[in-house]
Amino acid sequence: MSLIEVRDVEKTYTMGSMAVHALRGVSFTIAPGEYLAIMGPSGSGKSTLMNLLGCLDKPSAGTYLLDGEDVSQLSDDRLAALRNRHIGFVFQQFNLLPRANALQNVELPLQYAGIHDRREKAVTALAKVGLADRAHHRPRELSGGEQQRVAIARAIVNEPAIILADEPTGNLDSRTGRDILQVFDDLNQTGITLITVTHDPDIAAGCHRVLHMVDGKLANDVNNKRPGGEAP
Ligand code: ADP
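In this numbering scheme, every chain counts its residues from 1 along its sequence in written order. A pLDDT threshold of at least 70 governs which residues receive local features in this predicted model, and a stricter bar of 80 or more applies before side-chain atom pairs are shown or counted, although totals over entire chains, interfaces and linings include all residues. Based on all heavy atoms of the structure, the side-chain values leave hydrogens and waters out of the count.

Undergrad: It is not clear to me how helix H1 (residues 46-53) should be interpreted in this structure. Could you clarify?
TA: An α-helical turn contains 3.6 residues, so a residue and the one three or four places further along point in the same direction. Exposure categories follow from relative accessible area, calculated using a 1.4 Å probe and restricted to protein chains: below 20% of the type maximum is buried, above 50% is exposed, and the middle band is partly exposed. In this text, helices come from DSSP runs of H or I with a minimum length of four residues, and strands from runs of E with a minimum of two, each type numbered from the N-terminal end. Burial within H1 is extensive, with six of its eight residues counted as buried. Here H1 has its buried residues at Lys-46, Thr-48, Leu-49, Met-50, Leu-52 and Leu-53. Just downstream of H1 lies Cys-55, where phi reads positive at about 60 degrees.

Undergrad: Explain the sheet that holds strand S5 (residues 69-70) to me, please; I cannot follow it from the model alone.
TA: The strands that make up a sheet are held in pairs by hydrogen bonds between backbone atoms, and each pair lies either parallel or antiparallel. By the convention used here, strands pair only if DSSP detects at least 2 bridges between them. Taken together, four strands build an open sheet; the order of strands is S2-S1-S4-S5 and the sheet is antiparallel. On the outer flanks of this sheet lie strand S2 (18-30) and S5, each paired with one strand and no other. Here strand S4 (residues 61-66) pairs with S5 via two bridges, running antiparallel. Within S5, the position partnered with Leu-66 by the bridge is Glu-69.

Undergrad: I would appreciate a short explanation of helix H3 (residues 102-112) in the present structure.
TA: Of all 11 residues making up H3, eight are buried, and the element is well covered by its neighbours. Along H3, the residues classified as buried are Ala-102, Leu-103, Asn-105, Val-106, Glu-107, Leu-108, Pro-109 and Leu-110. Where H3 is buried, its residues contact helix H4 (119-128) and helix H5 (144-156). Of the residues trailing H3, Gly-114 is marked for its positive phi of about 75 degrees. By definition in these notes, contact holds between two residues if any of their heavy atoms fall within 4.5 Å.

If you want it as structure tokens, here you go:
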């Protein structure tokens, strides 16, 4: 079964008397464990699509099924619950709380989910990204790459099926960026589905599949997997 099924999805923003058609009938499915990039020029609808996939917004028309559940029909509370259960977010700017240390940052989603036993899960998530020895550092005491690792630990601490990443290496030098991509590769190997919006051809080259958006439509859906099934 598909983990994600997007069918004829449209998103129209109303700006005063003007309608902006950000998505104009997009359809695709994503299977569990896929690793894919969404690319396209500025204004092509990538962020809009990510917001929909991340249950931060609902389509104006069409349907989005996440793990079989029709997101288009849910109340905001149900949408938030679905998001917390299924999705971890990673951003270009890391978005860590500056006054909280790494461990406290990673514990946050557990706090939102009302989970009491947080410490052990947060320590495990930090260890998974190779940062167990930085647990008590605050963001400003960490390098950019380390901050992004903390953000990834925060994204995986709830054990989501999907990670949505928005230009995750955009603020990093190329070597640190490659280290972060290695963390993503390792996570994908454990079965997590990874969806990344990026301009970076290096990221796209490492993905199994690339969705190219142009003018609110899916212009191209490229499968990078070799016929044998192994990713290049
Ligand atoms: P991308 O991420 O590819 O740059 P976006 O999804 O941000 O593209 O934007 C697609 C189109 O929708 C653009 O024309 C943009 O101006 C418009 N848009 C995006 N968000 C909003 C919004 N909240 N309100 C009005 N128009 C928006």
